[in-house]
Amino acid sequence: MGKGCITVTKYFLFLFNLLFFIFGALIMGFGLWVLFDNQSFIAVLQESSDTVKVASYILIGVGSLSMAMGFFGCIGAIYEIRCLLGLYFTCLLLILIAQVTAGVLIYFQRDRLKHEMSNIIKGIIVNYTGQNRTTEHTWDYIQKTMKCCGWTGPGNWTENIVIRNSTQRLYPCSCRNDSLPGTDIKLVGLCEHLSPNPPIHETGCITSVEKWLLDNCGVILGICVGVAVVELLGMILSMCLCKSVVQEDYTKVPKY
């Protein structure tokens, strides 16, 4: 490979490592959002399921490793250090295999994950008290924002322990349909209704949540595909540069 090709390969590899570093930061940021956000549907699952917590830690770990590899890849490309280039290629290969494996497992376990999600939400509804708990307030926020009630429908709330054992006609305040007449509007807790039918939304949140996941699935998938493409290009360029460095080193050996 000529000197011009080596230079082009070197700076292309530097550019792709920079992109890889940025994508790693995005993955780590997404993992931190999943772990610390308390104003979205993810927060409900995160506090109720160890699976989501573990997934967030994995995302943070993968993102941090990707950023580190991007940094070392940049150093190896600029200074043409073979050991760093070889280490970079190996780590990229392992990360790519791990990503493909995780994607396949999630795809084939999607029904199980959906069932687990339903159990988590129904458990929150049954034990809901309206006190200052992150999961309850987050679920109130979801129902209020998405204009829905219950998981599959308002009937889920008939299983709530407080509502079932109360002599009053109670309903979750976050289910309140503002277009219907009723008592004062509150954001959290349980409200009392005087009419035979509570002024609530009639649709369950499962439809809205699935739509939210589908809407955000494209963004997540796009990030994953972008990272995979950068990884493949980085692997190809690192091997080309590493091979060129080896060839150059052999040409510098004096002949007798």
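For clarity, every value in this text was computed on a predicted model and none was experimentally measured. What you see as residue numbers is a count from 1 along each chain, following the sequence as written. Whole-chain, interface and lining totals are the exception, using all residues; otherwise, since this is a predicted model, local features are given only for residues with pLDDT of at least 70 and side-chain atom pairs are given and counted only at 80 or more. Note that the side-chain values use all heavy atoms of the structure and ignore hydrogens as well as water.

Visitor: Looking at this structure, I do not really get the overall build of the protein chain. What am I missing?
Guide: Helix and strand assignments follow DSSP, with helices taken as H or I runs no shorter than four residues and strands as E runs no shorter than two, numbered in order from the N terminus. On a plain count of helices and strands, the protein chain comes out with eight helices and two strands. Going residue by residue from the N terminus, the α and β elements of the protein chain occur as α-α-α-α-α-α-α-β-β-α. Carbon together with sulfur atoms contributes 67% to the accessible area of the protein chain, which is approximately 14700 Å² in total. Only the protein chains shown count as cover for residues, and all accessible areas are computed by the Shrake-Rupley method using a 1.4 Å probe.

Visitor: How should I be thinking about unusual backbone geometry in this particular structure?
Guide: Most peptide bonds take the trans form, and the phi angle of most residues other than glycine is negative. Phi angles above zero are rare outside glycine, and Lys 147 is one such case at about 55 degrees. In this fold, Lys 147 is placed in the loop between helix H6 (134-146) and helix H7 (161-165). Buried residues are those whose accessible area, probed at 1.4 Å on protein chains only, stays under 20% of the maximum for their type, while exposed residues exceed 50% and partly exposed ones sit between those limits. Its relative accessible area of 54% is what places Lys 147 among the exposed residues.

Visitor: Honestly, the nonpolar core in this entry has me stumped. Any pointers?
Guide: One recurring pattern in soluble globular proteins is that nonpolar side chains are buried together. In terms of nonpolar packing, the biggest core is built from 23 residues, with Ile 121, Ile 125, Trp 139, Trp 151 and Trp 157 touching the most fellow members. Of all the secondary-structure elements, those providing two or more residues to this core are helix H5 (110-126), H6, strand E1 (170-172), strand E2 (190-192) and helix H8 (205-251). In terms of residue count, H5 provides more of this core than any other element does, five residues in total. Think of a nonpolar core as a cluster: buried Ala, Val, Leu, Ile, Met, Phe, Trp, Tyr and Cys residues, connected wherever their side-chain atoms sit within 4.5 Å. Within the second largest apolar cluster, 20 residues are counted, among which are Tyr 88, Ile 95, Leu 237 and Leu 241.

Visitor: Could you clarify how one ought to interpret H6 in this entry?
Guide: A turn of α-helix holds 3.6 residues, and therefore any two residues three or four places apart point the same way. A helix's residues, less one, multiplied by 1.5 Å, set its expected span. The end-to-end C-alpha distance of H6 is 18 Å, a good match for the 18 Å that 13 residues give at a rise of 1.5 Å each. Residues of H6 that are buried include every one of Thr 135, Glu 136, Thr 138, Trp 139, Asp 140, Ile 142 and Gln 143, and no others. One or two residues past the end of H6 sits Lys 147, with phi positive at roughly 55 degrees.

Visitor: For this particular structure, what's the right way to read the environment of Leu 15?
Guide: Locating Leu 15 in the fold gives a position in helix H1 (residues 3-36). By relative accessible area, which is 41% here, Leu 15 ends up partly exposed. With 62 residues separating them in the primary sequence, Leu 15 and Ala 77 have C-alpha atoms 9.7 Å apart.

Visitor: Explain the state of the cysteines to me, please; I cannot follow it from the model alone.
Guide: In what follows, a disulfide is any cysteine sulfur pair within 2.5 Å. Within this structure, the stated rule accounts for three disulfides. Each disulfide pairs two cysteine sulfurs, and for Cys 148 the partner residue is Cys 205, the sulfurs being separated by 2.0 Å. A torsion of 90 degrees about the S-S bond marks the disulfide between Cys 148 and Cys 205 as right-handed. Residue Cys 148 is found in the loop between H6 and H7, and its partner Cys 205 is found in helix H8; the two are separated by 57 residues along the sequence. Exposure class is identical for Cys 148 and Cys 205. Each is buried.

Visitor: I tried to follow the packing of aromatic side chains on my own but got confused; where do I start?
Guide: For any pair of aromatic rings, the description rests on two quantities: the centre-to-centre distance and the angle between the ring planes. Stacked, tilted and edge-to-face are the three classes assigned to paired rings of Phe, Tyr and Trp, where Trp is represented by its six-membered ring and a pair needs centres within 6.5 Å; plane angles under 30 degrees give stacked, over 60 edge-to-face, the rest tilted. Applying the stated criterion across every chain, the model contains two aromatic pairs. Centroid distance Tyr 128 to Trp 157: 5.2 Å. Interplanar angle 90 degrees. Geometry classified as edge-to-face. Taken together, the positions of Tyr 128 in the loop between H5 and H6 and Trp 157 in the loop between H6 and H7 put the pair 29 residues apart, joining distant regions of the chain. Residues Tyr 128 and Trp 157 agree in their burial class; the two are buried. Pairing Trp 139 with Trp 151 gives two aromatic rings, centres 6.4 Å apart and planes at 50 degrees, and the pair type is tilted. Placement of the pair is Trp 139 in helix H6 and Trp 151 in the loop between H6 and H7, with a sequence separation of twelve residues. The same class applies to Trp 139 and to Trp 151, which are both buried.

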